[in-house]
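What the coordinates show
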Amino acid sequence: MLEKGNRANTLHGILLIALFSFAAFYIAELPVVRRLSFSPLIVGIVLGMLYANSLRNHLPETWVPGILFCSKQLLRAGIVLYGFRLTFQSVAAIGAPAIGICAGYCMYALARDIDAKDNETFYRKLQIDGELLGAARPTAVNLRWALERMLARADRTAGPPEQIVQVLERECRAIHREDGEMCRRIAEHGLTLVGEGDGILTHCNAGALAASRYGTALGPILLGQERGKKLRVFADETRPLLQGARLTAWELARAGVEVTLICDNMASMVMKNGWVQACFVGCDRVAANGDTANKIGTSGLAVLARYYNVPFYVLGPTSTIDLDCPTGADIPIEERDGEEIRSLWYQEPMAPAGVRCWDPAFDVTDHSLISAIVTEGGICRPPFGESLRELVSREKGDAP
């Protein structure tokens, strides 16, 4: 801990770290650094620490402890945020349920690393870590749900920090275990919406890679395959990250499902030809009125489905329902690096150098375009403002 006499000088450390972080943003724009996905904050912190050590004899004596103390504290926080953000930006963990599961394990891992003798200090540090993790993905409400659940469990646990850590381990494993059962129940409900030999159009990836076991939107398809109920699937490639091409097509083919991969802009022809009888998509957040946020391109698919009279179903756990969010207009939409559009899947950039790109990760599907929302607690139909609230109330009432 920084000695009291030097604490006032941490301002010098903060200013220098800010200066180096600012410079690091320019360094991070270099192509070689961009490919490594280095965080400018971490680069700036490391530069600040090296600066303080190498010029120790040329700085005012009280500046050095301030710089080093500030750097070490920020470095730990920066690594946490950077690691979690990189996990999702590189699509190492996708899907709202998977984000929630990962968040639970992250909180447990961070709790093990906290150096605190008393519960108050332990909980305060855990809250700070939770805030850093919560800032990584603004759209997926499961992230916040899992963090709040872990923090609530820590707050309710009596005993020393070591005992709280043990409780948090059990809690994160419970989140993972419950997700598997939740996916099975969603799959059961969703399977009742389609018949033998039906065609299903899906977008992005919402299978076991995005949750656990069956997944959400792919759950009925995979469960049907296990039970001998054959379904045909048309999978959108899902630009710009190609989750449909890289993940959904692989997952379904591996399970023996008849799957056809299409470009996103071919969906209208598939519907027009009568090849699909339903659309199944996942969701990252459901507003109180039934508007849903999902991977970019979902909203356009819903508009097409309405025009061609194809039922459009959204599948997700009740943890994605955010009754504190009135409408889809209140859902924050994450925006990503335009390089995903310009150059990510090409040996050489396909777009003109310097062209402006807009890359929102999600869009919002209006509730009026959704036929039903399928959860582990049952199938909600319009008016969603009533059915969603009844479902959440019923599920909370069933909770121990």
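First, a word on what this report is: a plain description of the structure on this page. (Residues numbered from 1 in each chain as written. Predicted model: local features only at pLDDT ≥ 70, side-chain atom pairs only at ≥ 80, totals over all residues. Heavy atoms only, no water.)

Let us look at the pairing of strand E2 (residues 232-236). Of all the five residues making up E2, four are buried; the element is thus mostly covered by neighbouring parts of the structure. Here strand E1 (residues 199-202) pairs with E2 via four bridges, running parallel. Counted as the bridge partner of Thr-202 is Ala-235 from E2. Each parallel crossover has a hand, and for E1 linked through helix H10 (residues 219-226) to E2 it is right-handed. Two strands pair when backbone bridges link them, and E2 and strand E3 (residues 258-262) are joined in this way by five bridges, in the parallel orientation. Paired with Ala-235 across the two strands is Leu-261, which belongs to E3. Note on the crossover from E2 through helix H11 (residues 243-254) to E3: the handedness is right-handed. (Buried < 20%, exposed > 50% of the residue type's maximum accessible area, 1.4 Å probe, protein only. Helix = DSSP H or I, 4+ residues; strand = E, 2+ residues; numbered from the N terminus. Pairing = 2+ DSSP bridges. Right-handed = clockwise from strand over helix to strand, strands pointing away.)

On to the sheet that holds strand E4 (residues 278-281), then. On the basis of which strands lie adjacent, the open sheet formed by seven strands has the order E3-E2-E1-E4-E7-E10-E11 and mixed pairing. Looking at strand neighbours, the two that pair on one side only are E3 and strand E11 (378-380), the edges of this open sheet. Direction aside, the axes of adjacent strands within the sheet are offset by 25 degrees on average. In the sheet, strand E7 (residues 312-315) pairs with strand E10 (residues 372-375) via three bridges, with the strands oriented parallel. Residue pairing across strands places Tyr-313 opposite Ala-372, the latter belonging to E10. Taken strand by strand, helix H9 (residues 161-191) contacts E4, E7, E10 and E11, and its axis lies near 140 degrees from that of E10. (Axes fitted to C-alpha atoms, helices over the stretch in contact; angles between N-to-C directions. Contact = heavy atoms within 4.5 Å.)

Here the focus is empty space enclosed by the protein. Inspection of every chain in the model, using the stated rule, returns two cavities of 30 Å³ or more. Reported here for the second largest cavity is a volume of approximately 40 Å³. Lining the second largest cavity are Pro-240, Leu-241, Gln-243, Lys-295, Ile-296, Arg-336, Glu-340, Asp-359, Pro-360 and Ala-361. The residue inventory of the lining of the second largest cavity, partitioned by class, reads five nonpolar, one polar and four charged. (1 Å grid on protein atoms, 1.4 Å probe; cavity = no way out; pocket = protein on both sides within 12 Å on 5 of 7 lines; lining within 4 Å. Points joined across faces, edges and corners; volume = space filled by probe spheres on them. Nonpolar A, V, L, I, M, F, W, Y, C, P; charged D, E, K, R; others polar.)

A separate point is the sheet that holds strand E5 (residues 285-287). Taken in spatial order, the four strands line up as E8-E5-E6-E9 in an open sheet, and their pairing is mixed. Each of the sheet's edge strands pairs with one partner strand only, and the pair in question is strand E8 (321-322) and strand E9 (362-365). Bridge count between strand E6 (residues 292-295) and E9: four bridges; the pairing is antiparallel. The partner of Thr-292 across the bridge, within E9, is Thr-365. With respect to the sheet, helix H13 (residues 298-307) is in contact with E6 and E9, its orientation differing from that of E9 by roughly 35 degrees.

Right, let's get into the environment of Glu-335. Note that Glu-335 resides in the loop between E8 and helix H14 (339-342). Since its relative accessible area comes to 55%, Glu-335 is described here as exposed. In the structure, Glu-335 is positioned 26 residues away from Ala-361 in sequence and 5.6 Å away in space, judged by C-alpha atoms. For Glu-335, the residues in contact, after removing those within four places along its chain, are Trp-358, Asp-359 and Pro-360. Among the polar contacts listed, one links the side chain of Glu-335 to the side chain of Trp-358, at a separation of 3.4 Å. (Polar contact = N/O pair within 3.5 Å; in protein donor to acceptor, adjacent residues only side chain to side chain.)

Below, the discussion takes up unusual backbone geometry. The amide bond that connects Arg-239 to the next residue, Pro-240, takes the cis arrangement and shows omega of 0 degrees. The topology assignment puts Pro-240 in the loop between E2 and H11. Look at the link from Pro-382 to Pro-383: it is a cis peptide, with omega at 0 degrees. Within the secondary structure, Pro-383 sits in the loop between E11 and helix H15 (384-398). Although it is not a glycine, Cys-204 adopts a positive phi angle of roughly 65 degrees. Turning to its location among the elements, Cys-204 is positioned in the loop between E1 and H10. Classification of Cys-204 by relative accessible area gives buried; the value is 10%. Of note in this structure, Asn-309 is not a glycine but carries a positive phi near 60 degrees. Examined against the element boundaries, Asn-309 turns out to sit in the loop between H13 and E7. Of the residues examined, Asn-309 reaches a relative accessible area of 69% and is grouped as exposed.

Nothing here speaks to function; it is all geometry.
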